[in-house]
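Fold and contact review
Single-letter residue listing:
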Amino acid sequence: MASTSPSPASLSTPLLSDCIAPAHAANGHATNHRHHHHDDDSDGAAAASVCGDDGGDPFAFLSEDRPPRDRGPSPSDPFRNGTPAWGGGAYAWARTLLLLPVAAVRLALFGLAIAIGYAATWVALRGWADTHGKPREGGGPMPAWRRRLMWITRISARCILFSFGYHWIRKKGRPAPRELAPIVVSNHISYIEPIFFFYELFPTIVCSESHDALPFVGTIIRAMQVIYVDRFSPASRKAAVNEIKRKAACNSFPRVLLFPEGTTTNGRFLISFQHGAFIPGYPVQPVVVRYPHVHFDQSWGNISLLKLMFKMFTQFHNFMEVEYLPVVYPPEIKQENALHFAEDTRYAMAHALNVLPTSYSYGDSMIMARAVEAGKVNCSNYMVEMAWVKDIYGVSTAEAMELLEHFLAMNPDSDGRVEAEDFWAHFGLDCSPLCKKIFHYFDLGIKESITFRQFLVGCAHLRKQPLFQGACETAFEKCRDPETSEISRAQLADVLQLSTLLPSDKMLELFKTFDIDGDDKISRDDFMTCLGRFPFLIAFFAAPINGEVYIEIV
């Protein structure tokens with residue numbers, strides 16, 4: 001990005017050129033723009049083509065780059081559970097009623113197994129300094145007698161699986177020796193896999209710190225010398241990687257188990273992998289888990305935990321297959337380790353599962369969960385393939401979630417689309433000709449409405465333009481008071497009144513949008529933060545940046 005303010009000459013394609021001269025509209029960005037100009041059969045048609053919603057690119061002054069041609073969302077939804085909420089037909093109802101007494105027995109077995117496992121774990125951890133409160137970084141491996149006592153808990157875990165209907169589990173392959181592959185990675189479909197691996201391998205796991213507060217479960221996973229991580233904290237992620245590396249390097253510790261997808265999916269896709277398992281550079285053994293089914297999808301997707309448990313209790317038998325794949329070794333070129341290592345492992349797992357790897361990530365599950373919380377329908381329409389957006393545009397999940405809050409406030413319809421009027425009403429503005437041009441920058445399909453994905457990608461694309469940062473700096477310099485280096489309402493109105501023709505009441509709404517801290521003045525930080533969040537607002541400053549006056553032909 002440019003770090004200095006561009007000169008008028010460098011911003012060589014002003015908004016004015018698309019709004020005034022038909023000759024200019026015939027070249028440059030207008031020629032390549034996705035909207036087609038109408039034939040100039042009359043003066044009225046000419047006026048419409050000059051400043052109507054079919055005009056030029058309002059951001060052409062930023063770069064010679066065309067508006068983003070989004071590849072379109074993937075038709076898949078890797079988080080959706082395929083089982084009907086409470087229905088499923090006559091067979092499902094008959095099976096549920098028939099197995100209700102069995103479900104009661106299974107529930108009792110589940111409770112008994114949890115109690116025995118918790119008691120054994122409490123005794124195993126009693127007096128062990130490394131697990132006071134929660135496992136500390138740098139702690140030593142669990143002593144042998146405590147590990148032997150944990151076999152009671154491991155057998156209890158197998159009883160829990162039995163109570164959920166996993167009477168037998170088909171296994172293919174076998175775990176590689178710990179000395180050969182100290183790290184194990186698996187796809188994550190349900191809460192069943194951690195229970196299985198606890199029984200099968202008794203590994204050290206990496207999970208969110210919130211799990212420590214879970215009743216009974218928190219104590220049990222503490223015995224696994226869990227590595228806690230806050231995925232939104234760079235310091236926490238770095239500390240977790242260091243712990244993974246330390247424990248993987250010492251054969252006295254058990255294997256380290258990670259679910260690199262970071263969340264559960266429906267098992268029909270693999271979402272993007274986090275790199276924590278691959279940064280240490282140790283060989284990794286991938287494991288793939290399948291849940292073959294006809295009537296009951298066992299994935300923990302858009303279904304509550306209690307409902308999923310009830311459905312498991314009321315099945316004759318739940319099928320589960322676990323396949324240990326060949327060990328994957330890190331690339332020899334160290335600079336490529338994490339990214340290429342993760343992708344090699346993911347494609348090996350996708351091939352074994354016969355599923356498609358996608359660019360969805362944990363961030364998409366957060367976006368969909370927020371849409372569900374907001375009471376929206378068709379919530380999968382809000383997903384953006386966050387891994388792809390982050391890789392191409394550098395947008396973090398936190399930034400996407402912040403933008404989502406504004407999008408949800410724009411009154412999206414049942415398909416998750418927002419129309420131009422609702423879009424601009426969120427900012428207190430009418431849908432003027434300039435506003436229509438800005439909106440059409442996002443509206444790639446010319447459907448007169450946009451999705452959250454189009455909104456996010458469009459904003460990210462604008463921020464990435466080489467002249468964007470310099471244009472923001474120039475716009476602030478044009479508007480600020482030379483003495484206070486701040487912008488008052490009157491100064492903003494003076495600068496934009498002639499360039500955008502906004503009425504005074506709408507100018508006040510625009511001022512409120514820029515006044516981030518609400519102190520009735522716009523500081524440089526306010527101005528840059530607002531344009532960083534809503535980069536499309538820079539179009540309102542196109543004419544002042546270029547030293548021109550916006551003329552609206554009616």
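As a reminder, the structure under discussion sits directly above these lines.
Presented here is a report on the structure given in the accompanying data block. Every value quoted in this text rests on a predicted model; they were computed, and no experiment measured them.

1. Some thoughts on the pattern of salt bridges
Enumeration according to the criterion identifies 17 salt bridges in this entry. Across the pair R246 and E243 runs a salt bridge, and its minimum N-O distance is 2.8 Å. Here R246 and its partner E243 are both found in helix α9 (residues 234-249), three residues apart, which amounts to about one turn of the helix. A residue is classified by how much of its surface remains accessible, and R246, at 29% relative accessible area, is partly exposed. Classification of E243 as buried rests on a relative accessible area of 7%. We note a salt bridge from E321 to R290, for which the minimum N-O separation is 3.9 Å. Of the two residues, E321 sits in strand β8 (residues 321-324) while R290 sits in strand β7 (residues 284-290), which places them 31 residues apart along the sequence. When salt bridges with common partners are traced through the structure, they connect R170, K172, R290, E321 and E323 into a single cluster.

2. Observations regarding the nonpolar core
Ranked by size, the top nonpolar core spans 73 residues in total, and within it F423, W424, F455, F536, I538 and F541 carry the most contacts. Counting residues per element, this core draws most heavily on helix α17 (residues 452-463), which supplies seven residues. Here this core spans two domains, and each of domain 2 (362-463) and domain 3 (465-546) adds at least three residues to it. When neighbours within four sequence positions are excluded, F423 is seen to be in contact with M410, V418, F439, F442, I450, F455 and F536. Of all hydrophobic cores here, the second largest spans 47 residues; its members include L201, L257, L308 and M320.

3. Examining helix α14 (residues 397-408)
Here α14 contains 12 residues, and its C-alpha end-to-end distance of 16 Å stays within 8% of the 16 Å for a straight helix at 1.5 Å per residue. Turning to α14, its buried residues number three or more, namely T397, A400, M401, L403, L404, H406, F407 and L408. Against α12 (362-373), α13 (386-393), β10 (417-419), β11 (449-451), α17 and α21 (524-533) lie the buried residues of α14.

4. Observations concerning the side chain of R463
The topology assignment puts R463 in helix α17. E399 provides the closest opposite charge to the buried, salt-bridge-free R463, at an N-O distance of 4.6 Å. A distance of 2.8 Å separates the side chain of R463 from the backbone oxygen of G532, its partner in a polar contact.

5. As for the sheet that holds strand β5 (residues 256-258)
Pairing is mixed across the open sheet formed by seven strands, whose spatial order is β1-β8-β7-β2-β5-β3-β4. Each edge of the open sheet carries a strand with a single partner, namely β1 (170-172) and β4 (227-229). The sheet shows a mean angle of 25° between the axes of neighbouring strands, direction not considered. Pairing between β7 and β8: four bridges, direction antiparallel. From the neighbouring strand, V287 faces β8, where its bridge partner is Y324. Where helix α11 (residues 337-353) meets the sheet, its contacts fall on β2 (183-186) and β7, and the angle it forms with β7 comes to roughly 35°.

6. A look at the packing of aromatic side chains
This structure, assessed with the given rule, holds 38 aromatic pairs. With centroids separated by 6.3 Å and ring planes inclined at 5°, the aromatic side chains of F273 and F278 adopt a geometry described as stacked. Of note, R231 hangs over the ring of Y362, and the distance from its end group to the ring centre comes to 3.5 Å. The cationic tip of R346 hangs over the ring face of Y347; the distance from NZ or CZ to the ring centre is 5.9 Å.

Thresholds, definitions, all that
- Starting afresh in each chain, residues are numbered from 1 along the sequence in its written order.
- Only residues with pLDDT of at least 70 get local features here, since the model is predicted, and only at 80 or more are side-chain atom pairs given and counted; chain-wide, interface and lining totals rely on the full set of residues.
- Only heavy atoms go into the side-chain values, all of them from the structure, while hydrogens and water stay out.
- Criterion for a salt bridge: a side-chain nitrogen of Lys or Arg within 4 Å of a carboxyl oxygen of Asp or Glu.
- Numbering of helices and strands runs from the N terminus, with a helix taken as a DSSP run of H or I at least four residues long and a strand as a DSSP run of E at least two residues long.
- Think of it in three bands: with a 1.4 Å probe and only protein chains considered, a residue is buried below 20% of the maximum accessible area for its type, exposed above 50%, and partly exposed in between.
- The definition of a nonpolar core used throughout is a set of buried Ala, Val, Leu, Ile, Met, Phe, Trp, Tyr and Cys residues joined through side-chain atoms within 4.5 Å.
- Domain segmentation is taken from an automatic or database assignment of domains.
- Two residues qualify as a contact provided that any one of their heavy atoms is within 4.5 Å of a heavy atom in the partner residue.
- Multiplying one less than the number of residues by 1.5 Å gives the expected span of a helix.
- By the counting rule applied here, Lys and Arg register as positive and Asp and Glu as negative, while His and the ends of each chain are not counted.
- Polar contacts here mean pairs of N or O atoms no more than 3.5 Å apart (in protein, one a potential hydrogen donor and the other a potential acceptor; neighbouring residues in sequence count only if both atoms are side-chain atoms).
- Pairing between strands is defined by DSSP: at least two bridges between them are needed.
- For helices, the fitted axis covers only the stretch in contact; all axes are lines through C-alpha atoms, and the angles between them, taken along N-to-C directions, range from 0 to 180 degrees.
- Here the aromatic set is Phe, Tyr and Trp, taking the six-membered ring for Trp, and pairing holds for ring centres within 6.5 Å; pairs whose planes are under 30 degrees apart are stacked, those over 60 apart are edge-to-face, and all others are tilted.
- Whether a charge sits over a ring depends on NZ of Lys or CZ of Arg being within 6 Å of the ring centre and within 35 degrees of the ring normal.

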